[in-house]
Amino acid sequence: MTPVLETRALETTTPVLELDDVALSYRGSAAPVVRDVSLTVRAGHSLALVGESGAGKTTLLRLLLGLARPTAGTVRFDGEPLALRDREQMRRFRRGVQCVFQDPYSSLDPRRRVGAIVAEPLRSLGIADRRTAAPKVAEALERVGLPADAARRYPHEFSGGQRQRIAIARATVCEPRVLLADEPVSALDVTTRVKIVDLLAELKQERGLTLVMVSHDLSVVASLCERTAVLERGGVVEQGDTARVLGDPAHPYTRRLVDSVPRLPG
Ligand SMILES: Nc1ncnc2c1ncn2[C@@H]1O[C@H](COP(=O)(O)OP(=O)(O)OP(=O)(O)O)[C@@H](O)[C@H]1O
Ligand SMILES: [Mg+2]
């Protein structure tokens, strides 16, 4: 039967990223912010994290990035526990997993030219020096639809949508396998939003990029992510195939989330 075969095929590939029974409590807070979360990110199966404000979505991304340490459970990268002191693993990790933060204004250094900002991962990972970085930066900027002279300009000379493109160029310049994106389109107007979604879809298709994305916009989730995990107060209430989770929710919380999407009258 096909479903069984599909499941087996999925199980034979090692997950790129994995959370295994992860919990996180902040010092002084009564309830854990994340509890008993198990998630698997496999190549080619982009994952959306959805849930109300405060559900713990950004915290999960921070755990996946090693920016927050779990109080219980394990975060794995390519099947191995993430060890921040293992320099060799960290290098592979930063090469393979990049991120775009929610706010394209605060995440770009205003004093540096866009060319230097986009080149930063190439330099810090030792992939390229000043001279050899230039063509890679130009290619990354072109890929996200920015003009060739963008490299010489400063972040404040660009619009919000363009800055989000700069952030995506920086995160993809070293050809990562996984891109973690926290609300990558929420600060943008509808037209720009569509363009960024198209860009992410193109990166998935042409570069084989796997996305792990937080979004309140369920239509964006449905168009970009094969899988969805629904978070409520730090716990995953349901996860699975996006079409199934959003089309036929098994959990009342997911149903409320889906039903709360505003619809145009008529
Ligand atoms: N540094 C911190 N110290 C204490 N509590 C924190 C800290 N960071 C986040 N929290 C708490 O953890 C919970 C989850 O926060 P998180 O930012 O992950 O939510 P979110 O799902 O990303 O929400 P939003 O959709 O508003 O971005 C919240 O209750 C928040 O107050
Ligand atoms: Mg958040």
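Residues numbered from 1 in each chain as written. Chains lettered and ligands numbered in written order. Predicted model: local features only at pLDDT ≥ 70, side-chain atom pairs only at ≥ 80, totals over all residues.

Caption draft 1: Here's a closer look at the pairing of strand E9 (residues 227-232). For E9, a buried count of 5 out of 6 residues is recorded, marking the element as mostly surrounded by other parts of the structure. Sheet topology note: the strand E3 (residues 47-50)/E9 ladder contains 4 bridges and is parallel. When the sheet's bridge partners are listed, alanine 48 is paired in E9 with threonine 228. Sheet analysis places E9 next to strand E10 (residues 235-241), joined by 6 bridges and oriented antiparallel. Each residue of the ladder has a partner; that of arginine 227, found in E10, is aspartate 241. Hairpin remark: E9 followed by E10, antiparallel, with 2 residues in the connecting loop; positive phi at arginine 233, about 45°. (Buried ≥ 20, exposed ≤ 12 C-beta atoms within 10 Å, placed from the backbone. Helix = DSSP H or I, 4+ residues; strand = E, 2+ residues; numbered from the N terminus. Pairing = 2+ DSSP bridges.)

Caption draft 2: Geometry of the site of ligand 1. As a matter of local geometry, ligand 1 sits amid Tyr26, Ser29, Val33, Gly51, Ser53, Gly54, Ala55, Gly56, Lys57, Thr58 and Thr59. Classifying every residue of the shell around ligand 1 by side-chain character gives 3 nonpolar, 7 polar and 1 charged. (Near = placed C-beta within 6 Å. Nonpolar A, V, L, I, M, F, W, Y, C, P; charged D, E, K, R; others polar.)

Caption draft 3: Broad picture of the packing of helix H6 (residues 160-172) against helix H7 (residues 190-207). Close contact between H6 and H7 brings their axes to 10 Å; oriented N to C, the two are set at 15°. When the interaxial angle is binned, H6 and H7 end up roughly parallel. You can see that H6 and H7 cross each other, and the crossing is right-handed. Judged by residue contacts, Gly161, Gln164, Ile168 and Thr172 of H6 engage Thr192, Lys195, Ile196, Leu199 and Leu203 from H7. Grouping the constituent residues of the contact of H6 with H7 by class yields 4 nonpolar, 4 polar and 1 charged. (Axes fitted to C-alpha atoms, helices over the stretch in contact; angles between N-to-C directions. Parallel < 35°, antiparallel > 145°, perpendicular 65-115°, else oblique. Left-handed = near helix turned anticlockwise from the far one by under 90°. Contact = placed C-beta atoms within 7 Å.)

Caption draft 4: Region of the structure containing the sheet that holds strand E5 (residues 80-81). Spatially, 4 strands are ordered E2-E1-E4-E5 in an open sheet, and the strand pairing comes out antiparallel. Whereas interior strands pair on both sides, the edge strands pair on one side only; in this sheet they are strand E2 (34-41) and E5. Both strand E1 (residues 17-24) and strand E4 (residues 72-77) contribute to a ladder of 5 bridges, which runs antiparallel. Across the sheet, leucine 17 pairs through a bridge with phenylalanine 77, a residue of E4. On the sheet, helix H2 (residues 57-64) packs against E1, E2 and E4 and is oriented at approximately 120° with respect to E1.

Caption draft 5: Region of the structure containing the confidence of the model for the protein. On average, residues of the protein score 90 in pLDDT, and 93% of them are at 70 or above. Across the protein, the secondary-structure element scoring lowest on mean pLDDT is helix H1 (residues 2-12), at 53, and the one scoring highest is E3, at 98. (pLDDT = per-residue confidence, 0-100.)

Caption draft 6: Quick look at the environment of alanine 43. For alanine 43, the location among the structural elements is in the loop between E2 and E3. For the pair alanine 43 and aspartate 248, spaced 205 residues apart in sequence, the C-alpha separation works out to 25 Å. Ignoring anything within four residues of it in the chain, the contact list for alanine 43 reads Thr13, Val16, Arg177 and Thr210.

Caption draft 7: How the structure looks around the sheet that holds E10. Ordered in space as E6-E7-E8-E3-E9-E10, the 6 strands form an open sheet in which the pairing is mixed. This sheet does not close on itself; its edge strands, each paired only once, are strand E6 (97-100) and E10. Geometrically, the sheet is characterised by an average inter-axis angle of 15° between neighbouring strands, direction not taken into account.

Caption draft 8: The arrangement of the environment of leucine 122 in detail. With respect to the helices and strands, the residue leucine 122 is situated in helix H4 (residues 114-124). Residue class for leucine 122 comes out buried when judged on the 21 C-beta atoms lying within 10 Å of it. In this structure leucine 122 touches Ile127, Ala128, Ala133, Lys136, Val173 and Cys174, once residues within four positions along its chain are discounted.

Caption draft 9: Inspection of the nonpolar core at higher detail. Of all hydrophobic cores here, the largest spans 71 residues; its most connected members are Leu64, Val118, Leu141, Ala169, Leu179, Leu180 and Leu211. Setting aside its immediate chain neighbours within four residues, leucine 179 contacts Gln98, Cys99, Val100, Ala171, Thr172, Leu209 and Leu211. (Core = buried A, V, L, I, M, F, W, Y, C linked by C-beta atoms within 7 Å.)

Caption draft 10: Region of interest: unusual backbone geometry. For aspartate 21, which is not glycine, the phi dihedral falls at a positive 50°. Here aspartate 21 lies in strand E1. Using a count of 12 C-beta atoms within 10 Å as the deciding quantity, one classes aspartate 21 as exposed. Backbone geometry places aspartate 78, a non-glycine residue, at a positive phi of 50°. Note that aspartate 78 resides in the loop between E4 and E5.

Caption draft 11: The environment of leucine 199, seen in detail. When you line up the elements, leucine 199 lands in helix H7. Residue classification places leucine 199 among the partly exposed residues on the basis of 19 C-beta atoms within 10 Å.

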